[in-house]
Amino acid sequence: MKKITLIVLCLASAQFALTQFAFAITPFTITDIRVEGLERLEAGTVFNYLPLKVGDEVNDEETRLSIKELFKTGFFKEVSLGQDGTVLVVTVVERPSIASIIFKGNNKLKDEALKQGLEQAGMVEGRIFNTGNLERVEQDIKNSYLSMGRYSATVDATIEELDQNRVAITININEGRVARIKKINIIGAEAVSVKKIKDEMQLKDKRGFRLFSRQDQYSKQQLEADIESIRSYYLNRGHHEFEIVSSNVEISPNKQNIFIGIVINEGAVYTFGESVIEGIDEDEAAQLQDLINIEPGQSFSRQAVNQSRVALTGHFVDAGFAFAEVRSVFEDDVVEKVVNTIFSIIPKHRVYVRRIDISGNVFTRDEVIRRELRQLEGSWYSASAIRRSKDRLRRLGIFASVQIETPSVAATTDQVDMKVIVTERDTGSILVSAGYSDEDGALFGIEFNQRNLLGTGRNLAVKVNDSDSVNTISIAYTNPYHTQDGISRGFTLSTRKVDSAKVDTSAYTLDASAAGVLYKIPITETNTVNFGLSFERLELAASSGTPESFKTLITEHPEADNLVATTGLSKDTRDDFFFPTRGATRSISLEASLPGSDLEYYKLNLQGAHYLPVGDKLTIKSSLGLGYGNGYGNIDDLPFFKNYFVGGARSVRGYDARSLGPQESSTVTDDCDATPPPTTCKPVGGSTRVLASVEALFPAFGADSNDKRLGLFVDSGMVYGGSASIDLGKLRYSAGVFFNWFSAIGPFTVSYGVPFNDESGDKKEELQISIGTVFR
């Protein structure tokens, strides 16, 4: 009422001033103009907008126009013109300025978002207050809540007059409750059940079991998305003529219940007929037929058409036609219910990359980035080469983010520049750490690690680690581009002391020293073969807790010198080194001591992981690992210190580290196959290992992050002794949740796993924490 009264008073004042002036003054020539009533504005502002000037003759029409123009500025709530002899007197009352704007009651819409809307409407602290602007703001805010399904929301602004012609505005918001969908009616469904159609929708009818679900909360945007989902469902299943006839939304009088009605026309089911490519010569069109994912007689599918369009577009984009278009045109045979598809190719100009600019690399040398690029300067534009370039840069693990842009070169139609924008990750660290690993117990370490040595992309790591069971000193250096062709060469030096009794496995001690070299040779864009050779010197010793099977090897070979060769083949198509969201890794590797070594053995490993993106946030990772080892020549079995183990954070979570599989005791009479086994029985590992896992990976706490990840997992695995056959029925399973974080003190991993087929004697450890150890 206050706002309405203000508007009426303004209009009445204007009318009164016009009327009074029209009948009270006689025409005269202006010799001067005086402005009265100004508080903040300068007189010059009035002169700029006032049509009358010194020397003009005043009449009724000019006065009406002058008052109208001054009102149009929005600066004044009252304007009148008077006469003092031959002086024109302009009397004004300024509108108040906005001293403050306060929001109350808003939760879903934050103050920052509301203030942006006010700025667009000219409602900013310090500016002139305009009642009309405030009314528009109130309606805009209410519309925002309506789009969120909050139909009972109310917005009411109060105005408090302050001194110095200022006002304080308080916008009171009652957000109300999201209206619930009471009923969704689908009309016209015959070939497809209503239930199936509703299954394609995210919005759902209100049901009791959805008490804590938001699927029955109405959203205009979600309804539009659901209608498109219904349309896609039909168009991908032969219903070429499908259409949404209408959709309507009704709300109950209390604004709490929503009723949705969708009327559809399914149309007849069509099949594909001929597929023709136009716009290019016949020979080239014939060669591109294999890219078309359509077979005559197959049910019509808009998805198949789009996939074919994408494949054809990709062919031309990779050939340098960066702006190529492929349009699909349908010719319908309504009698035979057949759709002939015409793909019209519009190649446009062929484009080449003029220049490649690199930015963001403060520490990393340009050459480290350029050698990973598969799109070259001066060559034809290729979208697939650019994608491979981006993936290769991300797989280096030295960049937190990689962006590639290809803006057109000004005043040209056939040139683009390629801009590579990187954000460097902290790759160098000197870390003095104390931590805990469920596999090795308490940890203390001093570690220098530089994955981008002097900006060259080379890797240098010096580690001194001391845990309950393992003491290690190691130096590793790798040059990923030992040759310009990308052949990698690395050197390692290490010493290791193992006291296995301190981590609840069968007791023995091992002192090992080793030196080696490793070459990795790329054979394709994603495939690598590696060859390595190392010399190791071992010293073995038994204790009172050492099993008899271990003692035999220790007695025969208390010291051993081995020449160990490694080789393998790997394929890596991941899009990121640390937190991939798509792609896969596969590898087969062989480790074998060469004939003439004191201990002759071999180990064969197969590993693979696949990352499948599901939507924008979720990634499903499935992995499988198989390992087998044995002795040859002078020993019959795999040396016990080379055995595989299962259990713990790196294999089957929820079980104690290295706890699953065969057990032995230092006491010959103990039956370690008993259920449960005697407490003197300890895990000894095995020569065969089976591991499998499925993980659901998503950003931590719902936000994209380069250093955090949450996930759900299901693990399975088991190890088997040398003479035992693989019995998949003995696999152990667990499920749970985990969190990975590259923290300031090193990698941090916590998991909570619950075994669900454990047997008597299995050692469980649901909560497992590792600090300073690499993620799975």
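Further up the page is the structure itself.
The sections below set out a description of the structure shown in this document. (Residues numbered from 1 in each chain as written. Predicted model: local features only at pLDDT ≥ 70, side-chain atom pairs only at ≥ 80, totals over all residues. Heavy atoms only, no water.)

### What about the packing of aromatic side chains?
By convention here, two paired aromatic rings are described through the distance between centres and the angle between planes. Put simply, the rule is: Within 6.5 Å between ring centres, the rings of Phe, Tyr and Trp (the latter by its six-membered ring) count as paired, and their orientation is classed by plane angle as stacked under 30 degrees, edge-to-face over 60, tilted in between. Each helix is a run of DSSP H or I of at least 4 residues and each strand a run of E of at least 2, with the numbering of both proceeding from the N terminus. Per-residue accessibility, obtained with a 1.4 Å probe over protein chains only, is compared with the maximum for each type, and a residue is labelled buried under 20%, exposed over 50%, and partly exposed between these values. Note on geometry: a ring has a charge over it if NZ (lysine) or CZ (arginine) is within 6 Å of the ring centre and within 35 degrees of the ring normal.
Summed over the entire model, instances satisfying the criterion amount to 15 aromatic pairs. Each ring, one from Tyr 602 and one from Tyr 628, has its centre 6.3 Å from the other, and the planes form 55°; the classification is tilted. Taken as a pair, Tyr 602 in strand 27 (residues 601–614) and Tyr 628 in strand 28 (residues 618–631) lie far apart in primary sequence, 26 residues in all. With 6.0 Å between their ring centres and 20° between their planes, Tyr 733 and Phe 756 make a pair best called stacked. A residue pair is termed long-range when its members are at least 10 positions apart, and Tyr 733 in strand 34 (residues 732–743) and Phe 756 in the loop between strand 35 (746–755) and strand 36 (764–765) qualify at 23 residues. By relative accessible area, Tyr 733 is classed as partly exposed at 30%. Chaining the aromatic ring pairs together yields one cluster made of Tyr 508, Phe 550, Phe 640 and Phe 641. The aromatic ring of Tyr 644 is capped on one face by Lys 603, whose charged end is 4.4 Å from the ring centroid. The ring centre of Phe 713 lies 3.9 Å from the NZ or CZ of Arg 653, which sits over that ring.

### Points about the side chain of Gln 768
On the secondary structure map, Gln 768 appears in strand 37 (residues 767–771). For Gln 768, a relative accessible area of 2% corresponds to the buried category.

### Notes on the state of the cysteines
Definition in use: In this description, a disulfide is simply a cysteine sulfur pair whose atoms lie within 2.5 Å.
Evaluated as defined, the whole model comprises 1 disulfide. Between the sulfur atoms of Cys 672 and its disulfide partner Cys 681 the distance amounts to 2.0 Å. Given an S-S torsion of about -90°, the disulfide between Cys 672 and Cys 681 has left-handed geometry. Judged on exposure class, the residue Cys 672 and its partner Cys 681 are both buried.

### Topic: a negative patch on the surface
Filter applied, for reference: Patch rule: a residue counts if its relative accessible area is over 30% and it has no salt bridge; like charges are joined within 9 Å, and nonpolar side chains (Val, Leu, Ile, Met, Phe, Trp, Tyr) within 5 Å. The method behind every accessible area is Shrake-Rupley, applied with a 1.4 Å probe, and residues are considered shielded solely by the protein chains displayed. Throughout this description, the term salt bridge denotes a Lys or Arg side-chain nitrogen within 4 Å of a carboxyl oxygen of Asp or Glu. When charges are counted, Lys and Arg contribute as positive and Asp and Glu as negative, whereas His and the chain ends are disregarded. Note that the charge is assigned to NZ on lysines, CZ on arginines, CG on aspartates and CD on glutamates.
On the surface, a cluster of negative charge is made up of Glu 241, Glu 243, Glu 278, Glu 331, Asp 332, Asp 333 and Glu 336. Looking at the negative patch element by element, the count peaks at 3 residues for strand 13 (residues 325–333). Residue placement: Glu 243 occurs in strand 10 (residues 243–251).

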